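Chain residues, written in single-letter form:
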Amino acid sequence: MSKIVFATGNPNKISEVNDLLAGHFEVLGLTDIGCPLDLPETSPTIPENALQKARYVYENYSVDCFSEDTGLEIEALGGEPGVFSARYAGEGKNAEDNMNLVLRKMEGETNRKARFYTVIALILDGKEHLFEGIAEGTIRNERSGTAGFGYDPIFQPDGFGVTFAELTKAEKNAISHRGKAVRKLIDFLASLNN
Ligand code: ITT
């Protein structure tokens, strides 16, 4: 089976993506290639951040790899936290603090529309490819559920009466931003073998 490096320091992302790529590719992590987990991500947009992380690994370790960047974009907050999703409440990258900040800013707001936006950047033989996935939904008034990670307890995907944190990993993967982007990545990689 072909090997590919997933350039992320976030174990929750690895867990979700491994389930999807199982049987297609053997996924290696940053520690497998001796790369530090805190990749540079200082770009102003999600696609550029995804590319920045993949380029860092490709240029320093000379391996085929993919990275991903995800943002929660809340309409009433002008697209925030967006590209700042990981560090919205500070450098600690603390999910509870991030959710508290969102809930506080959304207090009394009737427009609860939001979406998760994921971009995967793949670098294969030096060529760059982007794949995106979007999950539309709404921001709850309070947390619900304990599964998943990050903002999952406050995000209710459209068409569901529960949050991402109340779905199993397989259920979330079937409809999520990351699931959609990863399926495009798989289709692309599979098309190369035909
Ligand atoms: P990388 O090493 O891959 O950069 P990261 O945690 O820094 O890992 P991002 O820069 O993409 O990841 O930050 C996005 C943040 O948005 C992440 O830390 C989570 O808090 C949140 N997030 C990402 N995907 C999510 C999901 O599927 N559900 C809920 N929250 C998510």
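Conventions and cut-offs
- Residues numbered from 1 in each chain as written.
- Predicted model: local features only at pLDDT ≥ 70, side-chain atom pairs only at ≥ 80, totals over all residues.
- Heavy atoms only, no water.
- Pairing = 2+ DSSP bridges.
- Helix = DSSP H or I, 4+ residues; strand = E, 2+ residues; numbered from the N terminus.
- Axes fitted to C-alpha atoms, helices over the stretch in contact; angles between N-to-C directions.
- Contact = heavy atoms within 4.5 Å.
- Salt bridge = Lys/Arg side-chain N within 4 Å of Asp/Glu carboxyl O.
- Buried < 20%, exposed > 50% of the residue type's maximum accessible area, 1.4 Å probe, protein only.
- Polar contact = N/O pair within 3.5 Å; in protein donor to acceptor, adjacent residues only side chain to side chain.
- Parallel < 35°, antiparallel > 145°, perpendicular 65-115°, else oblique.
- Left-handed = near helix turned anticlockwise from the far one by under 90°.
- Nonpolar A, V, L, I, M, F, W, Y, C, P; charged D, E, K, R; others polar.

Asker: Before we move on, can you summarise the sheet that holds strand S2 (residues 26-28) with the specific residues and values?
Answerer: Within the open sheet, the six strands sit side by side as S2-S1-S3-S4-S5-S6. Their pairing is mixed. If you trace the sheet from one side to the other, it starts and ends with S2 and strand S6 (155-157), each paired once. On average, each strand axis in the sheet is tilted by 35° relative to the strand beside it, whichever way the strands run. Across twelve bridges, strand S4 (residues 113-124) lies against strand S5 (residues 127-139) in antiparallel orientation. Looking at S5, one finds that Ala 114 is bridged to Gly 137. Across the sheet, helix H2 (residues 46-61) touches strand S3 (65-74), S4 and S5, and the angle it forms with S3 is around 155°.

Asker: Now, about the pattern of salt bridges: what can you tell me, with residues and values included?
Answerer: Evaluation of the coordinates by the stated rule reveals 16 salt bridges. Residue Lys 13 pairs with Glu 68 through a salt bridge whose shortest N-O separation is 2.8 Å. Of this pair, Lys 13 sits in helix H1 (residues 11-21) while Glu 68 sits in strand S3; the two residues are 55 residues apart in sequence, bridging distant segments of the chain. Per residue, the accessibility class of Lys 13 equals that of Glu 68, and both read buried. For Glu 80, the salt bridge is made with Lys 105, and the minimal N-O distance between the two is 3.2 Å.

Asker: Tell me about the side chain of Ser 144, and name the residues and values.
Answerer: Tracing the chain through its elements places Ser 144 in the loop between S5 and S6. For Ser 144, a relative accessible area of 18% puts it in the buried group. Side chain to side chain, Ser 144 and Glu 166 meet in a polar contact 3.1 Å long. When sequence neighbours within four positions are dropped, the list of residues in contact with Ser 144 reads Pro 153, Thr 163, Ala 165 and Glu 166.

Asker: Before we move on, can you summarise the packing of H1 against helix H5 (residues 177-192) with the specific residues and values?
Answerer: Axis separation between H1 and H5 bottoms out at 10 Å; the angle between their running directions is 45°. Taken together, H1 and H5 sit at an angle that is classed as oblique. For the pair H1 and H5, the crossing hand works out as right-handed. Facing H1, whose interface residues are Lys 13, Glu 16, Val 17, Leu 20 and Leu 21, H5 presents Arg 178, Gly 179, Val 182, Arg 183 and Ile 186. A class-by-class count of the residues in the contact of H1 with H5 yields five nonpolar, one polar and four charged.

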